[in-house]
Amino acid sequence: MAEPAQTKERRTAIEDSFARLPRLDVVYKTVPGNTPDWYALDMLGDILFGGQSSRLYQKLVKEKAVALQVAGGIDMRRGTALFQAFVLMKPGQDATAVEKLIYEEFERVKTDGVTTAELEKIRIQDRLQQAQSLTNTMSRASTLGRYAVYFHDPNLINTTLANYNEVTPADIRRVARQYLGETQRTVVLTTPKAEAQQAPAR
């Protein structure tokens, strides 16, 4: 459940014969699920990537028009969870420039924080999503099982919203500074594989 700390940036590029558009992934190792910092990072992910009103969707898709799709956030694990930014770029975009735009928004959170209104919007979304998920028997069973296996506490199904309610703007600014650093990130650029030139007819 533990991993060595990452001490320097990792970076690679992949050509994918199935890809139709370039994709940029920026991933950070963070903390296990069901911890105070995990809840703060989860809310930060929603502020940055959660839907069309999120900061990075507005910046990359609407304002700069360099991306077709933006997603991200933190996954839930018993061990080290990953905080990820995913961008499906428009053809012909400069990946370095798009990556810089992502980091600019991270730095904005580290410097200026997030607003109370942004936090309240995420809390409302979380309440709605949980209410919707609990109307489905299979979803309830899956959630109970995950909490029981991961954290030995199926009663988390009743208490997670209270944990989110404890997160403050200061917490989100702090976790952004603590976990979204240059040395902690892994960057993967996936590009469509160029088709081999056809051999000239004889």
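Residues numbered from 1 in each chain as written. Predicted model: local features only at pLDDT ≥ 70, side-chain atom pairs only at ≥ 80, totals over all residues. Heavy atoms only, no water.

**Q** Provide a residue-level description of the overall build of the chain, including the pertinent values.
**A** Within the chain, the regular secondary structure consists of 7 helices and 5 strands. Listing each helix as α and each strand as β along the chain from the N terminus yields β-β-α-α-β-β-α-α-α-α-α-β. Taking the principal axes of its C-alpha atoms as reference, the chain extends roughly 70 × 40 × 35 Å. When contacts within the chain are restricted to residue pairs at least 6 apart in sequence, long-range pairs at least 24 apart make up 76% of them. (Helix = DSSP H or I, 4+ residues; strand = E, 2+ residues; numbered from the N terminus. Contact = heavy atoms within 4.5 Å.)

**Q** A description of the side chain of Ser54 should follow, citing residues and the corresponding values.
**A** Along the chain, Ser54 falls in the loop between helix 1 (36-49) and helix 2 (55-63). Residue classification places Ser54 among the buried positions, given a relative accessible area of 0%. Within the structure, Ser54 has its side chain in polar contact with the backbone oxygen of Leu48 (distance 3.3 Å). Setting aside residues up to four positions removed in sequence, Ser54 forms contacts with Asp46, Ile47, Leu48 and Phe49. (Buried < 20%, exposed > 50% of the residue type's maximum accessible area, 1.4 Å probe, protein only. Polar contact = N/O pair within 3.5 Å; in protein donor to acceptor, adjacent residues only side chain to side chain.)

**Q** Can you explain the nonpolar core? Please cite residues and give values.
**A** Counting residues in hydrophobic clusters, the biggest one holds 49 residues, and the most contacted among them are Leu44, Leu60, Phe83, Ile102, Phe106 and Ile172. Of all the elements, helix 1 adds the most residues to this core, at 9 residues. (Core = buried A, V, L, I, M, F, W, Y, C linked by side-chain atoms within 4.5 Å.)

**Q** Describe the packing of aromatic side chains, and please don't skip the residues or the numbers.
**A** Each aromatic ring pair is summarised here by two numbers: the centre-to-centre distance and the angle between the ring planes. Scanning the entire structure with this criterion turns up 7 aromatic pairs. Ring geometry for Tyr150 versus Phe151: centroids 5.8 Å apart, planes at 90 degrees, classification edge-to-face. Judged by relative accessible area, Tyr150 falls into the partly exposed class, the value being 28%. Overall, Phe151 belongs to the buried group, its relative accessible area being 17%. Positioned over the ring face of Tyr147 is Arg146, at 5.7 Å from the centre of the ring. Against the face of Tyr103 rests Arg185, its NZ or CZ located 3.9 Å from the ring centre. (Phe/Tyr/Trp six-rings, centres within 6.5 Å; stacked < 30°, edge-to-face > 60°. Lys NZ or Arg CZ within 6 Å of the ring centre and 35° of its normal.)

**Q** Give a description of the sheet that holds strand 1 (residues 10-16) that names residues and reports values.
**A** With respect to topology, 5 strands assemble into an open sheet ordered 1-5-2-4-3, the strand pairing being mixed. Two strands lie at the open edges of the sheet, namely strand 1 and strand 3 (67-74), each paired on one side alone. With direction set aside, neighbouring strand axes in the sheet form an average angle of 10 degrees. As defined by bridge partners, strand 3 adjoins strand 4 (residues 82-89) across 7 bridges and the pair is classed as antiparallel. Its bridge partner lying in strand 4, Ala71 is registered against Phe86. (Pairing = 2+ DSSP bridges. Axes fitted to C-alpha atoms, helices over the stretch in contact; angles between N-to-C directions.)

**Q** Got a sec to walk through helix 4 (residues 116-133)? Specific residues and values, please.
**A** If you check helix 4, its first and last C-alpha atoms are 26 Å apart, about what 18 residues at 1.5 Å a residue would give, namely 26 Å. For helix 4, the full list of buried residues reads Glu118, Leu119, Ile122, Arg123, Asp126 and Gln130. Taken end-on, helix 4 shows its buried residues confined to a sector of 140 degrees, consistent with a single buried face. (Expected span 1.5 Å × (residues − 1). Arc of directions from axis to C-beta.)

**Q** Could you give an account of the environment of Ile14, with specific residues and numbers?
**A** Mapping Ile14 onto the fold places it in strand 1. Between the C-alpha atom of Ile14 and that of Leu48, which follows or precedes it by 34 residues, the distance is 26 Å. If sequence neighbours within four positions are ignored, Ile14 has contacts with Val188, Leu189, Thr190 and Thr191.

**Q** Talk me through helix 1; I want residue IDs and the actual numbers.
**A** A turn of α-helix holds 3.6 residues, and therefore any two residues three or four places apart point the same way. With 14 residues, helix 1 should reach 20 Å at 1.5 Å per residue; the first-to-last C-alpha distance of 20 Å fits that figure. Of all 14 residues making up helix 1, 12 are buried, and the element is well covered by its neighbours. Buried residues of helix 1: Asp37, Trp38, Tyr39, Ala40, Leu41, Asp42, Met43, Leu44, Gly45, Ile47, Leu48 and Phe49, and no others. Phi for Gly51, located one or two positions after helix 1, is positive at around 90 degrees.

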